[in-house]
Every structure is written in C-alpha cells, then in structure tokens.
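Close look at the chain arrangement
Okay, here's what each chain looks like letter by letter:
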Amino acid sequence: METTEPRRPAILSEETVRHFVRRGLRVVAIVFLIELVLFVTTASVPFFSGEQQWYSENAEQIVNRLSGATPLGQVVEIFGNNIRVALIEFIPGFGPVFFGASIYQTARITQAIAVNLNFPAQLLLVILFLLPHSWLELPAYAISTSEGIFLLYSAARWLASREPGRMRMEMGQLLLSIILVIVTLGVAAIFEVTEVQLGLTGLAMWAPFGLIVAIALLLKRKYSGERLPGSSVTAQ
C-alpha cells in the first residue's frame, strides 16, 4: 500500500496571521515605545559640535527635493526612502543597530528643520504626532525591526536543535511582516503628502486613519481568539 506524505501547510496562511497576532504584536508594541522615547529624546537634546550644519544641509536638501516634485512624485520619493530603511531593519543582527541609527538621524533632521523654520523642536514634534501618517510610519519600522529580532532568534534555535519546521514558520512571519510594512508605508506616504496639500485641514485624515485602526482591531480580535462583545463564543 502506498502512503502519502502529510501535506505541509502553506508558508502564508491563516495560522501565519494568528501566530503573528499572538506572538508578534507584544514585541512590536515594546519596540514602538522604545522608538518613540528615542525619537523624542534625541530631537530634544542640543546638537553636538558640527552636527547642526550637517543636518541642516540634509534637511534643506530633502525639503527642496520634495517641494520640486509633483504630489505623486512626493509619494514615490517618501515611500522609496522609507521602504529602503524598513527592509534594512529586517536584517537579523544588523537591523536593530540600523533602527537605532535611523531614529537618531530622523530625529536630528526633524530638529534641523525646526531650527531652519525658527520653530521650537518640541512644537514641531507635537505637530508631527498630531498628524496620522506618523502613527503609521513609526509602527511599520517597529514591525520590521521586531521581525529581524525574531528571525535571528529562530535561526539560532533552528541551528541549535534542528527544530523541524522552525524556519519555515519564521519565513511565513517574515513574508507577512514585509507585506504589512509595504502596505503601511505606502498608505503613510499617501497620508503625509495629502496632509501637506490640505494644510490645517490635513487633520481630517484622522477619519480614514480611524477606519484603518477599526479594521486592524477587528482582524486582531478575529485572529487572536478574543471574545466578541456580547457573545459567549470566541471569534474564529
């Protein structure tokens, strides 16, 4: 009698999403909080000797490059830069180091833009955090850095114990994380350009942001097995 090998689950499946929700979100939240603290702290500390001129020149170049582009060109420019940073942060071992360096550079450039505009850096930070694109962009970097950490951990476990299926499972998590980061940064770039185009009414972008958050919470509830409100059964 012939026997057939058990069918292996697809790398990207419902179980992949469940595993991401149950395992990954806590670590992503911790990395995100660290990111916020580092960003705000760095942008609030005075420049070291020679830093201000260098970052001011970089900030001016960025502003000039974006102001000379069409809205679509701005979206492409912002997304291209941000996705390049996020993909590097996926690299095991090196990713968290680059994550820290990227936060430092972004905070310093933000601070330099504030100086160039004769604006208090803290006030510019408040404005940034009042705009929804910041709450899409920063978590995306936390996702990529967290998955880089998980990937390194899984590789070490696999090499140490040859745990069957360990790296296959992690490849599913990596693929899902890359998809999430690409989509999130793409939406964040569209939001950022739209907010600038709308000026003060850019705060209206909180409406579509709220819809995105509502969808994300519903998906989290579904895949984490949490109980639905008013129901005696868990979400399936």
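Here the structure is a predicted model, which means the values were calculated and not measured. (Residues numbered from 1 in each chain as written. Predicted model: local features only at pLDDT ≥ 70, side-chain atom pairs only at ≥ 80, totals over all residues. Heavy atoms only, no water.)

Side note on the side chain of Thr110
This is how the line gets drawn: Put simply, DSSP marks the helices as runs of H or I at least four residues long and the strands as runs of E at least two long, and each gets a number from the N terminus on. Accessible area is worked out with a 1.4 Å probe on protein chains only. A residue is then buried under 20% of its type maximum, exposed over 50%, and partly exposed in between. Polar contacts, as used here, are pairs of N or O atoms within 3.5 Å; protein pairs need one atom able to donate a hydrogen and one able to accept it. Residues neighboring in sequence count only if both atoms are side-chain atoms.
You can see Thr110 is positioned in helix α4 (residues 94–116). Thr110 sits in the buried class, given a relative accessible area of 10%. At 2.8 Å, the side chain of Thr110 forms a polar contact with the backbone oxygen of Thr106.

A word on helix α6 (residues 134–161)
Rules: A helix's residues, less one, multiplied by 1.5 Å, set its expected span.
Over its 28 residues, α6 extends 41 Å from the first C-alpha to the last, a length consistent with the 40 Å expected when each residue adds 1.5 Å. Looking at the residues trailing α6, positive phi occurs at Arg162, about 50°.

Topic: the pattern of salt bridges
How we decide: Any carboxyl oxygen of Asp or Glu within 4 Å of a side-chain nitrogen of Lys or Arg constitutes a salt bridge here.
This model, assessed by the stated rule, comprises six salt bridges. Where Glu147 meets Arg23, a salt bridge forms, and the shortest distance between an N and an O atom there is 3.4 Å. Taken together, the residues Glu147 in helix α6 and Arg23 in helix α1 (residues 14–44) connect sequence positions 124 residues apart. Salt bridges sharing common partners tie together Glu14, Glu15 and Arg18.

Observations regarding helix α7 (residues 166–198)
In this model α7 runs 48 Å from its N-terminal to its C-terminal C-alpha over 33 residues, within 8% of the 48 Å that 1.5 Å per residue would give. The first or second residue beyond α7 is Gly199, which carries a positive phi of 70°.

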